[in-house]
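Structural characterization, general
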Amino acid sequence: VLHASVLINALLEGPRNQKAFQLVDKHVAKSMEDVGSYYKPAFLLYFGAETWAGFRQGLCTEFRGKLPTLMNHITDFAQDSLQLETTLRERMEKLPAPEFERLLHAVFEQDEIKLI
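Residues numbered from 1 in each chain as written. Predicted model: local features only at pLDDT ≥ 70, side-chain atom pairs only at ≥ 80, totals over all residues. Heavy atoms only, no water.

Overview of unusual backbone geometry
Residues other than glycine seldom take positive phi values, yet Gln 83 does so here, at roughly 45°. Among the secondary structure elements, Gln 83 is positioned in the loop between helix 5 (75-82) and helix 6 (84-94). When its relative accessible area of 46% is taken as the criterion, Gln 83 is described as partly exposed. (Helix = DSSP H or I, 4+ residues; strand = E, 2+ residues; numbered from the N terminus. Buried < 20%, exposed > 50% of the residue type's maximum accessible area, 1.4 Å probe, protein only.)

Structural data, given as structure tokens:
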């Protein structure tokens, strides 16, 4: 079944989830830098750059832990926004017959033994 929850799960738990987490970390760290820019000089003076970096990393780690829950809250929105079923149907309708056949063969190849 093609559903946003399947895509979100693959994003968070799939074989390339570290790339997704790296992207999230990049944006969380940037947000922290943007929001904390006013206080950063005083923070660095009092606590030091190493503590700032550790604080930023801790924030990223904490956000990663909450990401599955946050993503569950946007599943319906993602499903509506991505229009997965409509997009897939429209693109499959545009495929030439040989490409459509090749697509179907790949899908059913996994279950070929069960069908025999």
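More follows now that the structure is in view.
With respect to the nonpolar core
Of all hydrophobic cores here, the largest spans 9 residues; its members are Ile 8, Leu 12, Phe 21, Val 24, Val 28, Ala 29, Cys 60, Leu 67 and Met 71. For this core, the secondary structure elements donating two or more residues are helix 1 (4-13), helix 2 (17-36) and helix 4 (49-73). The element contributing the most residues to this core is helix 2, with 4 residues. Once you skip the residues sitting within four places of it in the chain, Leu 12 turns out to touch Asn 17, Phe 21, Leu 67, Pro 68 and Met 71. (Core = buried A, V, L, I, M, F, W, Y, C linked by side-chain atoms within 4.5 Å. Contact = heavy atoms within 4.5 Å.)

What about the packing of helix 1 against helix 4?
Closest axis-to-axis distance for the helix 1/helix 4 pair is 10 Å, and the angle between their directions is 170°. The angle between helix 1 and helix 4 falls in the class roughly antiparallel. Residues Ile 8, Leu 11 and Leu 12 of helix 1 form the contact with helix 4, whose own contacting residues are Leu 67, Pro 68 and Met 71. In terms of residue class, the contact of helix 1 with helix 4 is made up of 6 nonpolar, no polar and no charged. (Axes fitted to C-alpha atoms, helices over the stretch in contact; angles between N-to-C directions. Parallel < 35°, antiparallel > 145°, perpendicular 65-115°, else oblique. Nonpolar A, V, L, I, M, F, W, Y, C, P; charged D, E, K, R; others polar.)

Structural notes on the side chain of Thr 75
Within the secondary structure layout, Thr 75 lies in helix 5. Judged by its relative accessible area of 10%, Thr 75 is buried.

Some thoughts on the packing of helix 2 against helix 4
Axis separation between helix 2 and helix 4 bottoms out at 9 Å; the angle between their running directions is 130°. Taken together, the axes of helix 2 and helix 4 lie oblique to each other. Two packed elements cross with a definite hand, and for helix 2 against helix 4 that hand is right-handed. The residues of helix 4 that touch helix 2, namely those facing Gln 18, Phe 21, Gln 22, Val 24, Asp 25, Val 28, Ala 29, Met 32, Glu 33 and Gly 36, are Trp 52, Phe 55, Arg 56, Leu 59, Cys 60, Phe 63, Arg 64 and Leu 67. A breakdown of the residues in the contact of helix 2 with helix 4 according to their chemical character gives 11 nonpolar, 3 polar and 4 charged. (Left-handed = near helix turned anticlockwise from the far one by under 90°.)

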